[in-house]
Amino acid sequence: MADPKPEIRIFDDAETLARAAATEFADRAIEAVAARGRFTVALSGGSTPRRLYETLVGAPPSGRPVPWEGIHLFWGDERHVPPGHRDSNYRMVREALLDRIALPEDQVHRVPAGSGPVADAASAYENDLRTFFSPPGDEPPRFDLVLLGLGADGHTASLFPGTKALWETERWVVGHRIEGVATERVTFTFPLINNAAAVLFLVSGRDKADALRDVLSGEGTIDRIPASGVHPTHGSLVWLADREAAGSRPA
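Keep in mind that this is a model prediction, so the values were computed, not measured.

A. Structural context of the sheet that holds strand E6 (residues 173-178). With antiparallel pairing, three strands are arranged side by side in an open sheet as E4-E7-E6. Only two strands of the sheet have a single neighbouring strand rather than two, namely strand E4 (77-79) and E6. Neighbour-to-neighbour, the strand axes of the sheet open up by a mean angle of 20°, direction not taken into account. Set on the sheet, helix H4 (residues 118-133) makes contact with E6 and strand E7 (183-188); between it and E6 the angle comes to about 160°.

B. H4, seen in detail. With 16 residues, H4 ought to run about 22 Å at 1.5 Å a step, and its terminal C-alpha atoms sit 23 Å apart, in line with that. Listing the buried residues of H4 in full gives Val-118, Ala-121, Ala-122, Tyr-125, Glu-126, Leu-129, Phe-132 and Phe-133. Within H4, the buried residues cover an arc of 135° as seen down the axis, which keeps them to one side. Where the residues of H4 are buried, they touch strand E2 (39-43), strand E3 (71-75), E6, E7 and helix H5 (190-193). Two residues or fewer past H4, Ser-134 is found with a positive phi of approximately 50°.

C. Structural view of the nonpolar core. Of all hydrophobic cores here, the largest spans 78 residues; its most connected members are Phe-25, Trp-75 and Phe-143. Per-element tally for this core: the top contributor is helix H1 (residues 14-36), with nine residues. Ignoring anything within four residues of it in the chain, the contact list for Trp-75 reads Leu-43, Asn-89, Tyr-90, Val-93, Leu-98, Val-108, His-109, Arg-110, Val-111, Tyr-125 and Phe-188.

D. Quick look at the side chain of Arg-185. Considering the arrangement of structural elements, one finds Arg-185 in strand E7. It is Asp-77 that comes nearest to the buried, bridge-free Arg-185 among opposite-charge side chains, at 4.3 Å. Among the polar contacts made by the side chain of Arg-185, one reaches the side chain of Ser-158 at a distance of 3.5 Å. Within the structure, the side chain of Arg-185 is placed 3.1 Å from the side chain of Thr-183, a separation counted as a polar contact. Beyond its immediate stretch of four places on either side in the chain, Arg-185 contacts Asp-77, Glu-78, Arg-79, His-80, Val-118, Ser-158, Phe-160, Val-174, Gly-175, His-176 and Ile-178.

E. Main features of the environment of Arg-213. Relative to the assigned elements, Arg-213 resides in helix H6 (residues 209-217). Residue Arg-213 is classed as partly exposed on the basis of its relative accessible area of 45%.

Rules of the game
- Residues numbered from 1 in each chain as written.
- Predicted model: local features only at pLDDT ≥ 70, side-chain atom pairs only at ≥ 80, totals over all residues.
- Heavy atoms only, no water.
- Pairing = 2+ DSSP bridges.
- Helix = DSSP H or I, 4+ residues; strand = E, 2+ residues; numbered from the N terminus.
- Axes fitted to C-alpha atoms, helices over the stretch in contact; angles between N-to-C directions.
- Contact = heavy atoms within 4.5 Å.
- Expected span 1.5 Å × (residues − 1).
- Buried < 20%, exposed > 50% of the residue type's maximum accessible area, 1.4 Å probe, protein only.
- Arc of directions from axis to C-beta.
- Core = buried A, V, L, I, M, F, W, Y, C linked by side-chain atoms within 4.5 Å.
- Lys, Arg positive; Asp, Glu negative; His and termini not counted.
- Salt bridge = Lys/Arg side-chain N within 4 Å of Asp/Glu carboxyl O.
- Polar contact = N/O pair within 3.5 Å; in protein donor to acceptor, adjacent residues only side chain to side chain.

Here is the structure:
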């Protein structure tokens, strides 16, 4: 069973945080590939994850080569835009990481966003997950690692305050329109996120301080602070935050 208490690590700045996240990514990948031959990770968008991806391209963060030959990349959420669109999370990862490493195309599992109804894109991605993982029955896949960010409004992935997706219990992936930001998005749901072996939050910036405080204090409800719904049932939860986001919380 998972430890009910998450692990919280605080860093002086976003750059130090990104390097620590890169080490965490690499160490978990090395362990998984050595044990099972592959490492499955759901990526996040945003500026802090981007620095993580860029860091992975350089010198091995843990002194050992990242085993790209066994790593399969997925996306925890995506805007419903074509892959070349400036708002695409896939495009960001491609520019920061994929264009700079040799990773076979069949190890890059992009959300099929950008055409047709957003619900169809979500259903297609869920079917892709079923095909790849082949989990028993309707049990969600078990990712080795899910990377998440935290919005100033408390959202994570594309699970936003007040949306129906917060209460989804059967589907692993949903597509919906988020009125507050006037976009359509595809996102993992809590059943899928919470089945991961490990969830790693990356949080930086003063604007995230209130949301982070509410999540870690337990004062935030899922409807108001969606990140409060992340509780791996049989896995670990680790928060990496920079000093600005952590506020007065001790290191």
